[in-house]
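Given next are the chains, with one letter for each unit.
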Amino acid sequence: TWHLKKIPQIVSERTFSLDSPKFEAKTKLELNSVCGIECQRKLPVPSLSDLKDLLSYETIFENGTRTLTEVNVLGLVLDPARNTTTQRSLRKKRQIYGTDSRFSIYDKRFMTNFPFNTAVKISTGCSGILISPRHVLTAAHCLHNGKDYVKGSKRLRVGLMKTKSRGDGRKRKGAKRNGMPSFQWTRVKSTHIPKGWFKGVSGDIALDYDYAVLELKRPHKRKYMELGISPTIKMMPGSMIHFSGFDNDRSGQLVYRFCSISDESNDLFYQYCDAEPGSTGSGIYLRLKEPNKKKWKRKIIAVYSGHQWVDVNGEQQDYNVAVRITPLKYAQICFWIHGNDENCTQG
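What counts, and where the lines are drawn
- Residues numbered from 1 in each chain as written.
- Predicted model: local features only at pLDDT ≥ 70, side-chain atom pairs only at ≥ 80, totals over all residues.
- Heavy atoms only, no water.
- UniProt positions renumbered as here; feature names shortened; annotations may be inferred.
- Helix = DSSP H or I, 4+ residues; strand = E, 2+ residues; numbered from the N terminus.
- Buried < 20%, exposed > 50% of the residue type's maximum accessible area, 1.4 Å probe, protein only.
- Contact = heavy atoms within 4.5 Å.
- Areas by Shrake-Rupley, 256 points an atom, 1.4 Å probe, with all protein chains shown as cover.
- Phe/Tyr/Trp six-rings, centres within 6.5 Å; stacked < 30°, edge-to-face > 60°.
- Lys NZ or Arg CZ within 6 Å of the ring centre and 35° of its normal.
- Core = buried A, V, L, I, M, F, W, Y, C linked by side-chain atoms within 4.5 Å.

As annotated in an unreviewed UniProt entry, the protein carries the name Inactive serine protease 35 and comes from Burhinus bistriatus. Quoted verbatim from the Sequence similarities (unreviewed entry) field of UniProt, the annotation for the protein is "Belongs to the peptidase S1 family." The Subcellular location (unreviewed entry) field of the UniProt record for the protein holds the comment "Secreted".

A. Structural view of the overall build of the protein. Within the protein, the secondary structure is distributed over 6 helices and 18 strands. Here the protein, with 347 residues, has 54% of them falling under the buried criterion. Partitioning the contacts of the protein with sequence separation of at least 6, the portion at a separation of at least 24 is 76%. When the accessible area of the protein is evaluated, it comes to approximately 16,300 Å², of which 48% is carbon and sulfur surface.

B. Summary view of the packing of aromatic side chains. Following the criterion strictly, the structure yields 8 aromatic pairs and no others. Ring centres of phenylalanine 183 and phenylalanine 246 lie 5.3 Å apart, and the angle between their planes is 75°; this geometry places the pair in the edge-to-face category. With phenylalanine 183 in strand β10 (residues 182-194) and phenylalanine 246 in the loop between β13 (240-245) and β14 (254-264), this residue pair connects regions lying 63 residues apart in the sequence. Side by side, phenylalanine 183 and phenylalanine 246 carry an identical accessibility label, which is buried. Relative to phenylalanine 258, the ring of tyrosine 256 lies with its centre 6.1 Å away and its plane at 40°, an arrangement referred to as tilted. A relative accessible area of 14% places tyrosine 256 in the buried class. Aromatic ring contacts, followed pair by pair, group Tyr57, Tyr209, Tyr211 and Trp336 into a single cluster. Looking at lysine 329, its charged tip hangs above the ring of tyrosine 209, at a distance of 5.3 Å from the centre.

C. Structural context of the nonpolar core. Judged by nonpolar contacts, the single largest core of 66 residues is most densely connected at Leu55, Ile131, Leu137, Val158, Tyr211, Leu227 and Ile333. Of the residues forming this core, the biggest block, 8 residues, is contributed by helix α6 (residues 327-338). When neighbours within four sequence positions are excluded, isoleucine 333 is seen to be in contact with Ile131, Leu137, Tyr211, Val213 and Leu227.

Okay, here's the thing in structure tokens:
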């Protein structure tokens, strides 16, 4: 069951103008040498002032201007426990683990209906997921490498899947035969990235803040996926997670997969879901029952960050890693969507 939790409040304190970025960074779909499982265990729990700094955020607008918003965190009870993970056996480098368990969705009826139609393509080469009529959740490193915004992010666009019309002629025939989606591209009005991401690439916060929210210029009219707070592995049915994205090795196809989570820290899931670059930024969701109802509901509980090298027992090992939506991240993303904290008291 989805359990309601009281959410801490994120409120903006002040906003500053920053210089326009250069937009010269290269998009990297795989990050190296990040703080891994052992490193996470040794990290101290961030203090309230640390969290205020990490959850402050940059907003970049369509015209290239940029602001920094400092935030305050209210109603937060700090957990003195350190990051906890369990020891696991080592694995060799691969992004497909054993038999490839990914499913390409060919049928238009599935592809253009919920939950598959919530998956979107980001023009920098990543995936994302619709979280409101105007907002898309994706990974921060699809837009920023920790020092500068990536080249394609100045004119950022989001591709929503659509069924092809009769007027598409020859293209339509090919699409029908191959089951490939076509996209309706929408410009992005603004992008929010938490300050924790800029520190994480060079410091020791690692992937914990690898998420971003894009505001679309025009609202869409399709069903979107609601946010949920990430439960622990023990609270998941079969520990199973699901996500759909646009993997590079299956060009133009929507690829769905589900798998169990192998390990967790306070902010990250470590798993061996089969995924190739291009699916980075996909929304990871669970299907649980609503409180006091018989209905099942899907909610996004993490953002797929991609295939990462991490330090385990002094060696570089690899996992497919996802950033968990904690109560604090829920509060922040909810604040970005609504522009206030009144709609974000429970999650």
